[in-house]
Structure formats: C-alpha cells, structure tokens
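Observations on the model geometry
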Amino acid sequence: MLRGRWIGMLVLCLVVAGVFAWLGQWQLERAIDTDPPPPGITEEVRPLTDVLQPGEYLAEPLVGQKVETSGTWVPQDFLVVSSRYNDDVAGYWVTGQLRVADRTSIAVAIGWTDDRAVADAAVEQLASDAEDGAVVAVTGRIISDEGPSTPPADDPTRMDRMSTAALLSFWHDTDQLDVYRPFLASSTADAGLVDISSPAPDERSPVNWLNIFYAAEWAIFAGFAFYLWYRLAKDAWEREVEEFEDAASAAQAD
C-alpha cells in the first residue's frame, strides 16, 4: 500500500470520494426546504398575474393557490370535460376560455354536474350570456394541466382530462394567443351547475425524503471507492505472497 502505484490509486479514490461527498451534500441541501411556504398561504386570494405568467409551468408550492382574475368569455368555447369527480361522484365539468387580456387566455372549469344533459344546457346558456361581452370576475384555485388523452374512436371530440392543450385545439381566435398552462377551477358555479369540490391542498413537508435517500446513496458510493482501493491492493499483495511461496517451494524441491 505504500508503493507509488497504490498511493496514486488512493489519491484517485480520494478525488472520486470527494466528488461523491459533494453530490451527497448537494442532495441534502435540496432535501430540506429552509424557507417553506407559511401554512394556509394557498388560501390567500392573490391576483393571477402575481402568481403566474402565460406559458409558465406551475411551481409545486403554488399548486392549488387561490387566485382572482377578470375577463370576457369567448362564446363559442364552452366545452364539456368528462370523468370529473365531485366527492367521489362521477360527472362532467363545463369549461370556458376566459380572455383575461387582449391576446391572453386561461382555461376555466366553471362548474360540475353528474348529468350530461345539464352540462350541455349550461354550455348553451353560458354561450348566450357571453354574447354581450361583459367583463366577469372569477376566483378559484390554479391547478396544473393534466395533459391530453386519446379520445375513444367512436367519440373523437370527447375529453376525459382537464388539459389546456386539448381545449386549445377546439378554441376559436387563437392566432398569436398567449395561454396559461395551468387551468383555473372556479369557486362558484354558474348556469345551474354545482360548485366544483376543490379542497385546500395538503401542507407540504419541508423534508424531501427522496433526496435524503439519494444523499445516502452518494455516501455509500464514496465509501465503496475506498473499499475498492483496499480490495485491489490486498488482491495484489495476496498474489505476490502466493508467487513468493510458490517460488520458495520450487527452490526447496530443487
């Protein structure tokens, strides 16, 4: 172990172990949130533009944040999304395109019903009411896009997930339109619909256990670097001892 070759191997192992230790420390720093959001922060109603900008992804601490905004409905863009649950009861959401600025829109889930006929009637009523272009105020929770799903072959217009991208493919007047990626679940329903059940999100733990697990893995890797050096050096020593003993045995036989 004191030979130059193995001292060089030890130095290399120290460098590798140091890198692993740094990675472990980095994971630990990411595992503990030193500035977690205050309890109940999602229940404070904030202006939409203070929370998010069009095209941005919704950060985890902001999922479920209550926001308020105002705009005008696009009359042709009230659509029904299936497979929506209110307190474990399957039903439908009626959604709309809310134009919050000249060329900026956000998808809004307006209300729920367990009857498709009621949902279709609400679409007609909302479209009729929106013809006057009146400005409406909407308050609700901002929620991440669920991503599109493939519709059934016998109903290509059906949507089973609340996806802004899927809704956008049916919206009108979308040229050069800025769109918010998440959607807004309205706190108050209109047009005979039921309020969407949207409880406050669970308080987030300041400790990310997955990152702690990764940090422990890096510590194990660092220890293995030293073990590898020890094992290689010992194997070399054992080979030399074996060769020496074989040579001694051969000399005695002669």
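Structure: see above.
So, here is what we can say about the structure in this document. Bear in mind the structure is a predicted one, so any value in this text is a computation, not a measurement.

Once the charged atoms of two side chains with opposite charge are near each other, the side chains can pair. Applying the stated criterion to the full structure yields 9 salt bridges. Of the charged contacts in the structure, one is a salt bridge between Asp160 and Arg158, with a shortest N-O distance of 2.7 Å. You can call Asp160 partly exposed: its relative accessible area is 22%. Where Glu238 meets Arg231, a salt bridge forms, and the shortest distance between an N and an O atom there is 3.8 Å. Judged by its relative accessible area of 26%, Arg231 falls in the partly exposed class.

With that settled, consider the packing of aromatic side chains. Tallied over the full model, the rule gives 7 aromatic pairs. Ring centres of Trp73 and Phe78 lie 5.5 Å apart, and the angle between their planes is 50°; this geometry places the pair in the tilted category. Pair check on accessibility: Trp73 and Phe78 agree, each one buried. Above the plane of the ring of Trp93 lies Arg84, whose end atom (NZ or CZ) is 4.9 Å from the centre. Above the ring of Tyr57, the side-chain terminus of Arg181 is found at 4.1 Å from the ring centroid.

Another point: the nonpolar core. Counting 27 residues, the largest nonpolar core has Trp73, Phe78, Val94, Ile106, Val108 and Ile142 as its most contacted members. The set of elements that each furnish at least two residues to this core consists of helix 2 (48-51), strand 2 (66-73), strand 4 (89-101), strand 5 (104-113), helix 3 (116-129), strand 6 (136-143) and strand 7 (178-186). Counting 16 residues, the second largest nonpolar core, distinct from the first, contains Trp112, Met162, Leu167 and Val179.

With that settled, consider a nonpolar patch on the surface. Side chains of Met1, Phe224, Tyr227, Leu228, Tyr230 and Leu232 sit close together on the surface and give an oily, nonpolar patch of about 580 Å² of accessible area. Along the chain, Leu228 turns up in helix 5 (residues 209-253).

With 6 bridges connecting them, strand 2 and strand 6 associate as antiparallel partners. From the neighbouring strand, Glu68 faces strand 6, where its bridge partner is Thr139. Across 4 bridges, strand 6 lies against strand 7 in antiparallel orientation. Directly across from Arg141, in strand 7, lies its bridge partner Ala185.

Every α-helix carries 3.6 residues per turn, so stepping three or four residues along brings you back to the same face. Helix length check: helix 1 (residues 4-31) (28 residues) gives 40 Å between terminal C-alpha atoms against 40 Å at 1.5 Å per residue, within 8%. Every buried residue of helix 1 is accounted for by Trp6, Cys13, Ala17, Leu23, Gly24, Gln27 and Ala31.

Examined against the element boundaries, Thr69 turns out to sit in strand 2. Look at Thr69 and you get buried, because its relative accessible area is 15%. Every residue in contact with Thr69, bar those within four places of it in the chain, is listed here: Leu48, Leu98, Val100, Val136, Ala137, Val138 and Leu184.

Phi at Asp173 takes a positive value of approximately 55°, unusual for a residue other than glycine. Within the secondary structure, Asp173 is located in the loop between helix 4 (164-168) and strand 7. Despite not being glycine, Gln176 shows a phi value in the positive range, around 60°. Following the sequence through the fold, Gln176 ends up in the loop between helix 4 and strand 7. When its relative accessible area of 66% is taken as the criterion, Gln176 is described as exposed.

Here the focus is the pairing of strand 2. When strand 1 (residues 46-47) meets strand 2, the two strands line up parallel, connected through 2 bridges. Each residue of the ladder has a partner; that of Arg46, found in strand 2, is Val67. Judged from the 2 bridges that link them, strand 2 and strand 4 form a sheet pairing that is antiparallel. Looking at strand 4, one finds that Thr72 is bridged to Arg99.

Quick notes on the rules
- Residues numbered from 1 in each chain as written.
- Predicted model: local features only at pLDDT ≥ 70, side-chain atom pairs only at ≥ 80, totals over all residues.
- Heavy atoms only, no water.
- Salt bridge = Lys/Arg side-chain N within 4 Å of Asp/Glu carboxyl O.
- Buried < 20%, exposed > 50% of the residue type's maximum accessible area, 1.4 Å probe, protein only.
- Phe/Tyr/Trp six-rings, centres within 6.5 Å; stacked < 30°, edge-to-face > 60°.
- Lys NZ or Arg CZ within 6 Å of the ring centre and 35° of its normal.
- Core = buried A, V, L, I, M, F, W, Y, C linked by side-chain atoms within 4.5 Å.
- Helix = DSSP H or I, 4+ residues; strand = E, 2+ residues; numbered from the N terminus.
- Patch = residues over 30% accessible without salt bridge, like charges linked within 9 Å, V, L, I, M, F, W, Y side chains within 5 Å.
- Areas by Shrake-Rupley, 256 points an atom, 1.4 Å probe, with all protein chains shown as cover.
- Pairing = 2+ DSSP bridges.
- Expected span 1.5 Å × (residues − 1).
- Contact = heavy atoms within 4.5 Å.

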